[in-house]
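Here is what each chain is made of, one letter per residue.
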Amino acid sequence: MDNDKNIQEIRKKIALNKLRDHLFWIIGLLSTLIGFVLLFTLIIDLLIDGFPRLGWQFFTSYPSRFPEKAGILSAWVGTTLVMIVTAAAAVPLGIAAGIYLEEYGKKNWLTNLIEINMNNLAGVPSIIYGLLALGLFVYYLKFGESILTGGLTLGLLILPMVVIATRESIRAIPNSIREASYALGATKWQTVKDHILPYSFGGILTGMIIGLSRAIGETAPIITIGALTFIAFLPSSPVTSEFPFFSFKWLLDPFTVMPIQMFNWISRPQTAFHINAAAAGIVLLLLTLLMNGFAVYLRYRFRKRIKW
Amino acid sequence: MSVTHSYPLKAEVKNLNFYYNLVQALKNVHLPIAEKMITALIGPSGCGKTTYLRCFNRMHDLYPGNRYEGEIILYPDGLNINSPKIDPIEVRMRISMVFQKPNPFPKTVFENVAYGLRVRGENRKNFLEEKVEKALIQSALWGEVKDRIYDLAFNLSGGQQQRLCIARALATDPEILLFDEPTSALDPTATSKIEELIMQLKKEVTILIVTHNMQQAARVSDFTAFMYLGEIIEFDKTDKVFTHPSVRLTEEYITGRFG
């Protein structure tokens, strides 16, 4: 029968298609595994080398000529303070720019130009930011090789990321919400402050944290601006015993950060220092993972509350 | 158009033309809006009825490239709300709108209804509570939500959300209430509740409603305007339009021969 033959033919084709399907399944799985296995091996390797070194002493000691006495105190304090400056610089600027571009800016060649530039800026190699900062903050504005310079540099670096995250989460708000607000007689600023900002806050926060977790590992621009690799003291305290009980002197103090401390240890010949570097690497990795995890959590929380 | 001569007018549209860039969407439209009556706009998709409605609260000003010509006179003060000299925000404070799809804010029921008053700088808690309760009673939602005032509005059903949007529009005591196909996203039960509500509301406010549903126009409205390709083809008392239309096109549309 003709019909029988047809069915045979169709079955053959289905079998062939299924074979291809399986083939891709295997390729896809292998590709996924390679990335995962590599990262996993790296983490395990770091843990084996560095974990025994992690302890109270490691977090509370300055770098030292003796590897067993050395620690990351000045590095983690430096990283924390630099991150505070980075966030303080990039977040308000980024959010304001993102809101302007989405809600206020008229669509014309100028905003198009800004938009293209903004997207390109996110891809500029970080050392270029270092060079810019060296010229602008260190030499021109005379901030020196300070926490302020470091924070502003990294702030510039993540500014495009914050702007893009802000714009994306603003764009996710349906236009019907804006119209509802305007129809009640709200001005643009009232609409932004009462609706656009609160509803896009989760996305903005996520973008900010992901930006910071990139900034925390940046080494090149920080080296370019001349951060020191051996710092055996802490910046001046932001809290003082005399009126007005706080001080911004720490902003102009020299500093080091975690990746620079690691770089310094790695470039020494003694293996004991390499172990210190691995231990610092674990701390850095944990910090990044924690920040990313927090970003995922925030996204989840805000998505659950607001669904369009 | 003297069908409204025995009724006091709340607004009057004169020679209204509207352009989306170069495309003319409304052509020389005239329409009297009788006070505390319901005027329905019917017509096939793309005939310009929503465009027309959105002229009344200057929603078109939010987007670039839109242009008005002509007048919408608001009575009793005789203000031309389409004049470029009039701030659209002032117009929107006097004329409220309910949209096609329920669009509550992702806030509590209370904050949704109170938002129009907050925009006007009202922050006294007692006053807001009073107004919110009154608006929710007016929109026939109070009984269903009075224990859930501080719940998120998104937890309400679709029909309840739309009545919440009506309450939100009513809380500011508007002079005219605009409805843009308010039931097109709702099931029949929710639809009939909203229709009942609209008929109730005309005691207090002048209503202009765009609808796709001719039965709805016939059920709720006092006057009906049939629009086609940006023009008003026929305007008359609703029962006249639906029983003895004077224009052939109207008859063809309401009997379902096109549209």
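Residues numbered from 1 in each chain as written. Chains lettered and ligands numbered in written order. Predicted model: local features only at pLDDT ≥ 70, side-chain atom pairs only at ≥ 80, totals over all residues.

Q: Please explain the overall build of chain A as it appears in this structure.
A: Along its length, chain A carries 11 helices and zero strands. Its helices and strands in sequence order give chain A the pattern α-α-α-α-α-α-α-α-α-α-α, from N to C terminus. At 26 Å, chain A has a C-alpha radius of gyration far larger than the 19 Å of a compact globule built from 308 residues. Dimensions of chain A along its principal axes, counting C-alpha atoms only, are 95 × 65 × 35 Å. Among the 308 residues that make up chain A, the fraction classed as buried is 34%. Within chain A, residue pairs in contact and separated by at least 24 positions form 78% of the contacts whose partners lie at least 6 positions apart. (Helix = DSSP H or I, 4+ residues; strand = E, 2+ residues; numbered from the N terminus. Rg over C-alpha atoms; globule rule 2.2 N^0.38 Å. Buried ≥ 20, exposed ≤ 12 C-beta atoms within 10 Å, placed from the backbone. Contact = placed C-beta atoms within 7 Å.)

Q: Got a minute to help me understand the sheet that holds strand S9 (residues 223–228) of chain B in this structure?
A: What links the strands of a sheet is backbone hydrogen bonding, and the strands pair in either a parallel or an antiparallel sense. Residue and element names in this part refer to chain B. In spatial order, the strands read S6-S7-S8-S3-S9-S10; together these six strands make up an open sheet with mixed pairing. The outermost strands of the open sheet, each flanked by one partner alone, are strand S6 (95–98) and strand S10 (231–237). Ignoring which end each strand starts from, the neighbouring axes of this sheet average 20° apart. As paired strands, strand S3 (residues 38–42) and strand S8 (residues 206–210) are joined by four bridges and run parallel to one another. Looking at S8, one finds that Leu41 is bridged to Val210. (Pairing = 2+ DSSP bridges. Axes fitted to C-alpha atoms, helices over the stretch in contact; angles between N-to-C directions.)

Q: Looking at this structure, how should I read the pairing of S8 of chain B?
A: Each regular strand carries side chains that alternate between the two faces of the sheet. All names here are of chain B. The buried count for S8 comes to five of five residues, which makes it a mostly enclosed element. Side chains of S8 alternate between two faces, with Thr206, Leu208 and Val210 and Ile207 and Ile209 buried alike. As paired strands, strand S7 (residues 176–180) and S8 are joined by five bridges and run parallel to one another. Each residue of the ladder has a partner; that of Ile176, found in S8, is Thr206. Note that the unit made of S7, helix H7 (residues 188–201) and S8 has a crossover that is right-handed. (Right-handed = clockwise from strand over helix to strand, strands pointing away.)

Q: Just to check I follow, could you spell out the domain arrangement of chain A for this structure?
A: By a widely used convention, the size of an interface equals the accessible area lost when the partners come together. All names here are of chain A. By the assigned domains, chain A splits into domain 1 (2–52) and domain 2 (55–305). Taking only C-alpha atoms into account, the centre of domain 1 sits 38 Å from that of domain 2. Counting from both sides, the interface comprises six residues of domain 1 and, opposite them, six residues of domain 2. Of the residues contributing to the side of domain 1 that touches domain 2, the split by class is four nonpolar, one polar and one charged. (Domains from an automatic or database assignment. Nonpolar A, V, L, I, M, F, W, Y, C, P; charged D, E, K, R; others polar.)

Q: Would you mind showing me how to read the sheet that holds strand S4 (residues 66–74) of chain B here?
A: Residues and elements named next belong to chain B. Taken together, the four strands give an open sheet; going across it, the order is S2-S1-S4-S5, and neighbouring strands pair in antiparallel fashion. Where the open sheet ends on each side, the last strands, each with one partner, are strand S2 (23–34) and strand S5 (79–80). When S4 meets S5, the two strands line up antiparallel, connected through two bridges. Across the sheet, the residue bridging to Leu74 is Leu79, located in S5.

Q: Looking at this structure, I do not really get the packing of helix H3 (residues 109–119) of chain B against helix H4 (residues 125–138) of chain B. What am I missing?
A: All names here are of chain B. Interhelical geometry of H3 versus H4 gives an angle of 110° and a closest axis separation of 9 Å. When the axes of H3 and H4 are compared, the pair comes out roughly perpendicular. As for the relative orientation of H3 and H4, their crossing is right-handed in sense. Judged by residue contacts, Phe110, Val113, Ala114 and Leu117 of H3 engage Leu128, Lys131, Val132, Ala135 and Leu136 from H4. Counted by class, the contact of H3 with H4 contains eight nonpolar, no polar and one charged residues. (Parallel < 35°, antiparallel > 145°, perpendicular 65-115°, else oblique. Left-handed = near helix turned anticlockwise from the far one by under 90°.)

Q: Is there a simple way to explain the interface of chain B and chain A in this structure?
A: Counting residues at the interface gives 18 residues for chain B and 15 residues for chain A. Sorting the residues of the side of chain B that touches chain A by element identifies helix H2 (88–94), S6 and H3 of chain B as the ones contributing at least two each.

Q: Whenever I open this one, the environment of Ala122 of chain A confuses me. Can you help?
A: Along the chain, Ala122 of chain A falls in the loop between helix H4 (109–121) and helix H5 (126–140). A sequence separation of 37 residues divides Ala122 of chain A from Val85 of chain A, and the C-alpha atoms of the two residues are 19 Å apart.

Q: For this particular structure, what's the right way to read the pairing of S6 of chain B?
A: All names here are of chain B. Both faces of S6 are covered, namely the face carrying Ile95 and Met97 and the face carrying Ser96 and Val98. In terms of strand pairing, S6 meets S7 through four bridges, oriented parallel. By the bridge assignment, Met97 is partnered in S7 with Leu178.

Q: I would appreciate a short explanation of the environment of Ile196 of chain A in the present structure.
A: Residue and element names in this part refer to chain A. Relative to the helices and strands, Ile196 is located in helix H8 (residues 188–215). Along the backbone, Ile196 and Ile173 are 23 residues apart, and their C-alpha atoms lie at a distance of 7.4 Å. Apart from the residues lying within four places of it in its own chain, the contact partners of Ile196 are Ile99, Glu103, Ile170, Ile173 and Thr191.

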